Amino acid sequence: ASPACTELEVVMLDWLGQMLGLPEEFLARSGGEGGGVIQGTASEATLVALLGAKSRAMHRIREQHPEWTDFEILSKLVGYCNSQAHSSVERAGLLGGVKLRTLKPNNKRRLTADILREAMEEDKRKGLIPFYVVSTLGTTSSCTFDALDEIGDVCATDDNVWLHVDAAYAGSAFICPEYRYLMKGIEKADSFNFNPHKWLLVNFDCSAMWLKQPRWIVDAFNVDPLYLKHDQQGSAPDYRHWQIPLGRRFRALKLWFVLRLYGVDNLQKHIRKHIALAHHFEKFVLEDERFEIYEEVTMGLVCFKLKESNEVNEELLRTINGRGKIHLVPSKIDDVYFLRLAVCSRFTEEK
Ligand code: PLP
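Not measured: the values here are computed from a predicted model. Along each chain, residues carry numbers from 1 onward, in the same order as the chain's sequence is written. Reporting of local features is limited, given that this is a predicted model, to residues whose pLDDT is at least 70; pairs of side-chain atoms are given and counted only at 80 or more, and all residues count toward the totals for whole chains, interfaces and linings. Computation of side-chain values covers all heavy atoms of the structure but excludes hydrogens and water.

**Some thoughts on the UniProt feature "modified residue: N6-(pyridoxal phosphate)lysine" (unreviewed entry) in the protein chain**
Just so we agree on the cut-off: UniProt positions are given in the numbering used here, feature names are shortened, and annotations may be inferred rather than shown by experiment. Strands here are runs of E lasting at least two residues and helices are runs of H or I lasting at least four, both read from the DSSP assignment and numbered beginning at the N terminus. In what follows, residue pairs with any heavy atoms lying within 4.5 Å of each other are defined as contacts.
What UniProt calls "modified residue: N6-(pyridoxal phosphate)lysine" (unreviewed entry) maps, in this numbering, to K198. Counting through the fold element by element, K198 comes out in helix α7 (residues 196-199). When sequence neighbours within four positions are dropped, the list of residues in contact with K198 reads A168 and Y169.

Okay, here's the thing in structure tokens:
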């Protein structure tokens, strides 16, 4: 009931997609099927992609095995992600009623093709059917990047497994061409998502998602009661079929304001400044022999710790947060507790 809301969203997602250097297949301006949509959160995007993957897989398997019931097919479907992926991925599996395996990454905490292939082969031997993979670009705990390019090849060779890319935080950095090497292989993905509300100065909530074949989601969610029919059906994306709720906010408006107000150059400066500040802090950590860096610094997140026990680091965190000037959120990987400094405010300065 609001053509302007739909139209501006189509245009804004094309602008944003071009800013990130997304392949044309994801953009509405290509004239193909693909396009973008604004979801509320990355968790919703992961679930929506999983439901699309499920509907595509069900369609294919029903054709191959007309003798199987839907219940039998569903019980065989299995999806995969890095064990460092955000908890929302596992949750999407629970909500979508399918198995989702979290895989132990390599020693750099990246999910690689070998790890994924081995898990898929193992499952296929058990009679299961791989159908969905989530590749994380910028994990929540320590901001590591899965080997998207190789993972894309595994998904492509294996009966068309749907590849979703979760770049919730780090995706904003791809507006700077020098960071796009981290999303190498993006053309092999079926869907891509990041949160402009995390690091691109757009107020919560605004989670941008692009799909190459939205038809699988539209099919999965399509219901067509008389009170929702209209004369313009088919002339523009009917975003109600691309998401879980029916009603939607005019979120493209705030994206439009931010893009017009700052412009691409200033948004790039904002990202570069934050990454430079993170490296500045990293330098202090490296210069102080009491501390160590826990993970390579690539974005605005610095994972660091005292070269002491977990308990001593927990005490340090309590002291820092207790003073109320800096707020740090810790994490733990393989039983190692570390502190995380995230530069994300517009007002953060070197001093
Ligand atoms: N994915 C990653 C990699 C994240 O870091 C986060 C949040 O921190 C999420 C997903 C969940 O984001 P949202 O709150 O938008 O669902």
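**What about the domain arrangement of the protein chain?**
Quick note on the threshold: Delimitation of the domains relies on an automatic or database domain assignment. The term buried area denotes the loss of accessible surface (1.4 Å probe radius) that occurs when two parts are joined, taken as the sum for both partners. Any carboxyl oxygen of Asp or Glu that lies within 4 Å of a side-chain nitrogen of Lys or Arg is treated as forming a salt bridge with it.
When the domains of the protein chain are assigned, the result is domain 1 (3-258) and domain 2 (264-342). Its C-alpha centre places domain 1 at a distance of 30 Å from the equivalent point of domain 2. Taken together, the contact between domain 1 and domain 2 spans 24 residues of the former and 19 residues of the latter. Taken as a group, R109, S141 and W199 account for 29% of the area that domain 1 buries against domain 2, more than any other trio of residues on that side. Our enumeration of links across domain 1 and domain 2 arrives at 2 salt bridges. With a shortest N-O distance of 2.6 Å, E178 and R272 are connected by a salt bridge.

**Thoughts on the pairing of strand β11 (residues 336-342)**
This is how the line gets drawn: Classification of residues uses two cut-offs on accessible area relative to the type maximum, computed with a 1.4 Å probe and protein chains only: under 20% is buried, over 50% is exposed, and between them is partly exposed. Any two strands are treated as partners once DSSP identifies two or more bridges connecting them.
Within β11, 5 of the 7 residues are buried, which leaves the element mostly enclosed by the surrounding structure. Alignment of strand β10 (residues 331-333) against β11, held across 3 bridges, turns out to be antiparallel. Counterpart to K332 in the pairing with β11 is Y337. Remark: 2 residues form the turn of the hairpin made by β10 and β11, two consecutive strands paired antiparallel; D334 in that turn has positive phi of roughly 45°.

**Considering the site of the ligand**
Basically, it comes down to this: Any residue with a heavy atom positioned within 4 Å of a molecule or strand is treated as near that molecule or strand. Polar contact criterion, stated in full: a pair of N or O atoms within 3.5 Å, where within protein one must be able to donate a hydrogen and the other to accept it, and residues adjacent in sequence count only if both atoms are side-chain atoms. Here the open area of atoms and residues is found with the Shrake-Rupley method and a 1.4 Å probe, where only the protein chains shown may cover a residue. Gly is placed with the polar residues, together with every amino acid not listed as nonpolar (Ala, Val, Leu, Ile, Met, Phe, Trp, Tyr, Cys and Pro) or charged (Asp, Glu, Lys and Arg).
Around the ligand there are 13 residues in total, and A42, S43, T140, D166 and N195 lie nearest to it. A42 has a polar backbone atom sitting 2.8 Å from an oxygen atom of the ligand. At 2.6 Å, a side-chain N or O of D166 approaches a nitrogen atom of the ligand. Protein coverage of the free-state accessible area of the ligand, which is 400 Å², stands at 84%. Here the shell around the ligand is composed, by residue class, of 2 nonpolar, 9 polar and 2 charged.

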